[in-house]
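# Fold and geometry: a report
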Amino acid sequence: MRAPAAAVWRVRAAAAGAGAAVLLAAAWALPPLAIPVVWPLVFVLPGWVVVRWLAPRVAAPGRLGLAVVLSIAASTHLVYWASLIAGAIGDGHGYGRSTAFAAASLLAVPVVVAVARGWWPSARGTLRAARRHRGAFLLAAAAGGFVAAVLGVGLWHVTADGVATGGSNWSDLPVHLAIAQSLNAGNFPPQVPYFAGVPLIYHWFADFHAAITALTAQAFAVPAFVVGSATGAAALALCVHGLATRLVHGRDRHRVALLAVTIVVFAGGLGWIRLVADVAGGGDVVRLVTHNSYDNFWYDSHGAVSWPFFRIPSVMGTGLLVHRATALGLPMLVGAVLLLALGLPTRRERLAGRGDRPRLILAAGVLAALLAPFHFFFFPALLLVAFLWAVVGLRLVDRAAPRNALCFLAPLVLAIPFAVPALTQASGTGALTWVQGWESAPREGGPAGVAFFYVTNLGVPFVLAGIAIAAAPFARRTPQVAFLTAWLIALFAVPNVLQASVIAFDMNKLFQAMWPAAAILAAWLMRRWSWPAIGAVLLLSLPSPILVGAWTAAGNLQMLSTDQLGAAAWASTTPERSAFVTDGWLHSFTDPAGRLRVSTFGPYVANLGYDPDRRGAQVTEIYCGGDTARAAELMRGLGATYVVDAGRPSPCATPTDFSAGAPFSLAYQNPSLRVWELAPASR
C-alpha cells in the first residue's frame, strides 16, 4: 500500500471508528437509539462485510440474504460465548446489557474496516442492483411485510380484558416469551423457565437473539419477536432466490427463482377446501376464518377429528408466524446450502472450468455449525443435504475431497456443545425411535389414504415437483434435478422412519426443510407456462397460508387476564431468577415478567426430555396436601420462593391454607389471585 493510500485508510478508519464509538455510546445512554444503531449490527451489517470478503458468485438478493443469516447467527453466538466468559470471570451470570454492547462493538469492527477500505457499495450501484432484481426484493419485502403486519396486529393484543393472541401463538408464545424475558432477567446460563431447576436443552437461540435485541433497547421482547420473524421471512425469500439461480441454468432461471420464492414463502396445501365445505354448510365465513386454521386443521366445529385431515402446516402457517426456531433456522439452512453449492461445484462444472472455493465451503460449514442451537431438526437435515450435494455432484471422493471435507466439517466442532446434549437427551428418554410411517398421517385408508393425505397436505407444488422429477430426463437443459430430488425424498422419508421428539407432530418440521427443494422443482416445471396457468397453480396453493395469516392476525384467544397483567408487573419487581409455584397451566403471568415457574403443560416438558409427572405430583401436594410445613419443604427442594394461589389442581381433597401463618406471608393480591412468599429456612 502506498504511503498516501495508507494515510487515507488510517484517516477513514479513525473517523469511522470514532463515529461508531459515539453512536454506540449514545445508544447505551438512550436505549431507543439501539434500534437504529445496534440492531443493524445484529441483523445485517457484519454479515454484509463477510459476504463482500467471500465474494460469492451470486446476485445481490442472494448476497443480502446471506448477510442477514450470517449476521444473526454470528451475533447470537458471539453474545453467548462472551457471556459465558464474563460469567466465568465474574459472578457466574455474565449475560447482560454490557455484554451485548461489548459484542456490538466487536461486530462494528468489520463495518469500520469496510468503510475505511471503501468496500461499501455506492448509492448508484445499490439502486442499479435494486432495479435489476426488483422482483426478488419486492417478494422479500412482501414476505417480511406480511409477517410483520400479521404479528404486529395479532401476537400481543392488549384489550380491556387482558392480553389476547391469534392463531397457534396462543400455545407457542408463552414458551418463547418465557425464554426471552427470563434471559433478560438474569436466567443465564438458562434454566427451563417453565420447569425451573433444569438446563434449557432446546433450540432457543432464535429467542436469545430476540432477547439480545430487546435488551439493547431495554424493550419488551414481543416487538423484537415481530422484527426478527419478519427479517427471517425476508431472508428466506432472498436465500431461496439465490439458491434457485445457482441450481437452475438458462435464460429462465430468474423467472424460476421468483416462482420458487413465491412457493416457499406463500404457498401451502389444500386445507382451504375445508373452509369451502364449512361455508357451504351454512357457516359464517368471517367467524370461520378468525376461529380456525385452514392450514393445519385438526378438529371440526364439533371438536371431532374428521376427514379430510390437514396436519402439515405450511412454512408461513407455523414456520414464519409461530415457530421462531423455524423463522430463523430455515433461511440459515438454505443459506448454508447456497454457500456450499457456490463453493463446491459438481464434477461436471469443475471439468468445465469452475474451480473450488474453499473459503465458501468453510463459510458453509461455519453457518451449519452455528445453526445447531437455532434449530435442532434443521442441523442434521442440513448435514444430510450437504452430503447429498457431494454425492450427487460426484465430489465425495476425488483429489480435492480431503481438503473440502476438512473445510466443511472442521467448523462443526462449534455445534458440539449444543448438539450432543440434545442428542443425548432425546436418546436417553426414548424420544429417538424408529417408526413405520409418520404418526400424524392417518392410516385408516391404507396406502391410498396416506398418499391422498400427503398430496392434499403438501398441495399442488408437491405434485408438480414430482412431475418435474419424472420429466427431467426428457428435458434438454435441467437444473440440479438429481440433487433436488435427493433432497426432497430424503427429508420426506425421515419423519416416516424416525421420530426424534416425544410429540410426533414436531417431525413435520422436516417437511418444511424439504419445501425449498420442492418449490424449485415445481417452479422449474412451470418456467414457460402461461401466466393464467401459473395463476391457477397459485390460486390453489396460496389460500391456506393466507387464511392462517388472517386467523393469526384476527384471532382473539385470551392468554392473560387484566389481573394477571397486574401480577406480571408486580412479579417483575421480585428478585431475578425467582421461581414460582403455579397450577401448571400453559399460561402464567411469570412469562412476561421474566420469572421462573416450576411447571407448565406436561407434554411441553416431556418434549424437552424431562419427566413432568413427578414434579406434577409435588405441585399437587403443595396445593392440596393440607400441610404448610410439607409445602414449604417441597418448595425449597424445587428452589421456589413464591406460590400462586389462583387455580388449584383438580381434584384437591385437602387444600393447603397458605394464610395460616409462618412460613408463608402474603406478597401480592388482586381480585382473582394471591401470591404467597416463602420465608427463608431458619439455620
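Preceding this paragraph is the structure being described.
Only a predicted model underlies this, so the values are computations on that prediction, with no experimental measurement involved. (Residues numbered from 1 in each chain as written. Predicted model: local features only at pLDDT ≥ 70, side-chain atom pairs only at ≥ 80, totals over all residues. Heavy atoms only, no water.)

### Here's the deal with the sheet that holds strand β9 (residues 664-670)
Here is the rule we go by: When DSSP locates at least two bridges between a pair of strands, those strands are taken to pair. Elements are defined by DSSP. Helices are runs of H or I of four residues or more, strands are runs of E of two residues or more, and each kind is numbered from the N terminus.
An order of β7-β6-β8-β10-β9 is seen for the five strands of this open sheet, with the pairing classed as mixed. Where the open sheet ends on each side, the last strands, each with one partner, are β7 (596-597) and β9. By the bridge criterion, four bridges tie strand β8 (residues 642-645) to strand β10 (residues 673-678) in an arrangement that is antiparallel. Bridge pairing in β10 links Val-644 to Val-675.

### Let's talk about a nonpolar patch on the surface
Short version of the rule: The patches reported here contain residues having more than 30% relative accessible area and no salt bridge. Joining distances are 9 Å for like charges and 5 Å for nonpolar side chains (Val, Leu, Ile, Met, Phe, Trp, Tyr). Reported accessibility uses the Shrake-Rupley method at a 1.4 Å probe radius. Residues are deemed covered only where the shown protein chains occlude them. Salt bridges are defined by distance alone: a side-chain nitrogen of Lys or Arg within 4 Å of a carboxyl oxygen of Asp or Glu. Whether a residue is buried, partly exposed or exposed follows from its accessible area with a 1.4 Å probe, protein chains only, as a fraction of its type maximum: under 20%, in between, or over 50%, in that order.
Among the surface-exposed residues, Phe-387, Val-391, Leu-396 and Val-397 lie close enough to one another that they form a single nonpolar patch of about 380 Å² accessible area. A relative accessible area of 42% places Leu-396 in the partly exposed class.

### Quick notes on the packing of aromatic side chains
To keep it simple, the criterion reads: Note on aromatic contacts: the rings of Phe and Tyr and the six-membered ring of Trp form a pair at centre separations within 6.5 Å, being stacked when their planes are under 30 degrees apart, edge-to-face when over 60 apart, and tilted otherwise. To sit over a ring, a charge needs its Lys NZ or Arg CZ within 6 Å of the ring centre and within 35 degrees of the ring normal.
For the coordinates displayed, the defined rule picks out 38 aromatic pairs. Ring centres 5.7 Å apart and planes at 40° place the aromatic pair Tyr-95 and Phe-188 in the tilted group. Within this pair, whereas Tyr-95 is found in the loop between α5 (60-89) and α6 (97-117), its partner Phe-188 is found in the loop between α9 (169-183) and α10 (205-216), the two being separated by 93 residues in sequence. Considered together, Tyr-95 and Phe-188 belong to a single accessibility category, that of buried residues. Pairwise contacts between aromatic rings join Tyr-80, Trp-81, Tyr-95, Phe-188, Trp-204, Phe-205, Phe-208, Phe-374 and Phe-418 into one cluster. Here the basic side chain of Arg-97 rests over the ring of Trp-28, its NZ or CZ set 4.7 Å away from the ring centre. Taking NZ or CZ as reference, Arg-359 lies 4.2 Å from the ring centre of Trp-53, over its face.

### Focus on the sheet that holds strand β2 (residues 162-165)
Selection criterion: Lines fitted to C-alpha atoms define the axes here, with helix axes fitted over just the stretch in contact, and angles between the N-to-C directions of these axes take values from 0 to 180 degrees. Should any heavy atoms of two residues lie within 4.5 Å, those residues are counted as being in contact.
Taken in spatial order, the three strands line up as β1-β2-β5 in an open sheet, and their pairing is antiparallel. Each of the sheet's edge strands pairs with one partner strand only, and the pair in question is β1 (157-159) and β5 (557-561). This sheet shows a mean twist of 35° between the axes of neighbouring strands, independent of strand direction. In this sheet, β2 lies alongside β1 in antiparallel orientation, the contact comprising three bridges. Within the sheet, the bridge partner assigned to Thr-159 lies in β2 and is Gly-162. Across the sheet, helix α27 (residues 562-571) touches β2 and β5, and the angle it forms with β5 is around 45°.

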